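Each chain, written out:
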Amino acid sequence: GDSVTQMEGPVTLSEEAFLTINCTYTATGYPSLFWYVQYPGEGLQLLLKATKADDKGSNKGFEATYRKETTSFHLEKGSVQVSDSAVYFCALRNTGTASKLTFGTGTRLQVTL
Amino acid sequence: DVKVTQSSRYLVKRTGEKVFLECVQDMDHENMFWYRQDPGLGLRLIYFSYDVKMKEKGDIPEGYSVSREKKERFSLILESASTNQTSMYLCASSSVDREIQPQHFGDGTRLSIL
């Protein structure tokens, strides 16, 4: 079945550092890929998405590129802020699955001054 | 903006009780979902519904049931609550469109079973 693997956290960075959170997936067919973010005490919010190979999703300075050859969708940001501290979830939606999402286990990011 | 509202942020119940978690969305979405979130396990799908009165089991449906009598409301029911159902429960909704539509989440209900 479909699965998503994320790097384990927590990831602790200083403000303005470069961020990479790794995400790889296993799926048949041609899934769409998502990054969601969960701020403390809140539900998940969509951060960015990519629907086909080589697409790049971007939002709020975050980027991720859909790499079919390496089955990856790594999240990057050039300069993190304290306000980026949150839990980040990688997810996939496969074709013909009635909008069901398969999530990774989440990666907690802590940004310090 | 899409709003998904879960009826309680925190809930404490006793073992054996029947527990209802309510979720309402205001965007006329066809699909609605219930997940539970546990540390180290991420989000796991319990049940989902793609239309009124329609439901399908997710990955971990045991011990749960759902009800969708109206399009905007999706209820999760713990028939006889047990301590291993202590968790954060998240509701989500999405539309059915030709373009891939994201799921929109509520703020979650943190449920403790004593």
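Above this text is the structure in question.
Sequence positions are assigned chain by chain, starting from 1 and proceeding in written order. Chain letters and ligand numbers both follow the written order, the letters beginning at A and the numbers at 1. Only residues with pLDDT of at least 70 get local features here, since the model is predicted, and only at 80 or more are side-chain atom pairs given and counted; chain-wide, interface and lining totals rely on the full set of residues. Side-chain measures here rest on the full set of heavy atoms in the structure, leaving out hydrogens and waters.

(A) Geometry of the overall build of chain A. A count of helical and extended segments in chain A gives zero helices and 12 strands. Starting at the N terminus and ending at the C terminus, chain A contains elements arranged as β-β-β-β-β-β-β-β-β-β-β-β. Using C-alpha atoms as the atom set, the radius of gyration is obtained and then compared with a globule rule of 2.2 Å times the number of residues to the power 0.38. Radius of gyration (C-alpha) of chain A: 14 Å, near the 13 Å computed for a compact globule of 113 residues. Each of the three principal axes of chain A carries a C-alpha extent, and together these read 45 × 30 × 20 Å. Note on classification: 1.4 Å probe, protein chains only; a residue is buried when its accessible area is under 20% of the maximum for its type, exposed when over 50%, partly exposed between these limits. Each of the 113 residues in chain A was classed as buried or not, and the buried ones make up 45%. Two residues form a contact once any of their heavy atoms are found within 4.5 Å. Intrachain contacts of chain A at a sequence separation of at least 6 include 56% that bridge at least 24 residues. Within the structure as shown, chain A displays about 5300 Å² of accessible surface, and the carbon and sulfur contribution to it stands at 48%. Charge counting follows a simple rule: Lys and Arg are positive, Asp and Glu are negative, and His as well as the terminal groups are ignored. Charged groups are reduced to one reference atom each: NZ for lysine, CZ for arginine, CG for aspartic acid, CD for glutamic acid. Looking at chain A, you have 10 positive and 11 negative side-chain charges, and the mean spots of the two groups are 8 Å apart. In this text, helices come from DSSP runs of H or I with a minimum length of four residues, and strands from runs of E with a minimum of two, each type numbered from the N-terminal end. Areas reported here follow the Shrake-Rupley algorithm with a probe of radius 1.4 Å; residue values treat only the protein chains shown as occluding.

(B) Seen up close, the sheet that holds strand β8 (residues 73-78) of chain B. Residue and element names in this part refer to chain B. Note: two strands are recorded as paired if DSSP finds a minimum of 2 bridges between them. Pairing within the open sheet is antiparallel, and its four strands lie in the order β1-β3-β8-β7. Since the sheet does not close on itself, it has two edges, and those belong to β1 (4-6) and β7 (64-70), each with one partner. Each strand axis lies, on average, 20° off the axis of its neighbour in the sheet, ignoring direction. As defined by bridge partners, β7 adjoins β8 across five bridges and the pair is classed as antiparallel. Its bridge partner being in β8, Val66 is matched across the sheet by Leu76. Each axis is a line fitted through C-alpha atoms, taken for helices only over the stretch in contact, and angles between the N-to-C directions span 0 to 180 degrees.

(C) The arrangement of the side chain of B:Ser93 in detail. Among the secondary structure elements, B:Ser93 is positioned in strand β9 (residues 87-94). Whenever two N or O atoms come within 3.5 Å, that pair is a polar contact, provided that in protein one can donate a hydrogen and the other can accept it, and provided that, for residues adjacent in sequence, both atoms are side-chain atoms. Within the structure, the side chain of B:Ser93 is placed 2.8 Å from the side chain of B:His29, a separation counted as a polar contact.

(D) Examining the nonpolar core more closely. Residues and elements named next belong to chain A. Nonpolar core, defined: a set of buried Ala, Val, Leu, Ile, Met, Phe, Trp, Tyr and Cys residues in which side-chain atoms within 4.5 Å join the residues together. In this structure, Leu19, Trp35, Leu47, Leu48, Phe73, Leu75 and Tyr88 are the most contacted members of the largest nonpolar core, which totals 26 residues. Residue assignment for this core shows that the elements contributing at least two residues are β2 (11-14), β3 (19-21), β4 (23-26), β5 (32-38), β6 (44-50), β8 (62-65), β10 (86-93) and β12 (107-112). The element best represented in this core is β10, accounting for four residues. Leaving out residues up to four positions away in the same chain, Leu75 has contacts with Leu19, Thr20, Ile21, Trp35, Leu47, Leu48, Phe62, Glu63, Ala64 and Tyr88.

(E) Examining the interface of chain B and chain A more closely. Counting residues at the interface gives 21 residues for chain B, matched by 20 residues for chain A. Take the accessible area each of two parts loses on contact, using a 1.4 Å probe, and add the two losses: that sum is the buried area. Across the chain B to chain A interface the summed buried area is about 1600 Å²; carbon plus sulfur atoms make up 57%. Interface area lost by chain B to chain A is led by B:Leu43, B:Ile100 and B:Phe105, which between them contribute 31%. Across the contact surface, chain B and chain A share four residue pairs in polar contact (both at pLDDT 80 or more). Put simply, the parts of the chain that give the side of chain B that touches chain A at least two residues each are β4 (31-38), β5 (42-49) and β9 of chain B.

(F) Structural context of the sheet that holds β3(A). Residue and element names in this part refer to chain A. The strand order across the open sheet formed by four strands is β3-β9-β8-β7, and the pairing between neighbours is antiparallel. Of all strands in the sheet, those with a lone pairing partner are β3 and β7 (56-59), marking the two edges. Sheet twist, expressed as the average angle between the axes of neighbouring strands with direction ignored, equals 15°. Two elements, β8 and strand β9 (residues 75-77), share three bridges in a ladder whose sense is antiparallel. Residue pairing for β9: Glu63 is matched across the bridge by Glu76.

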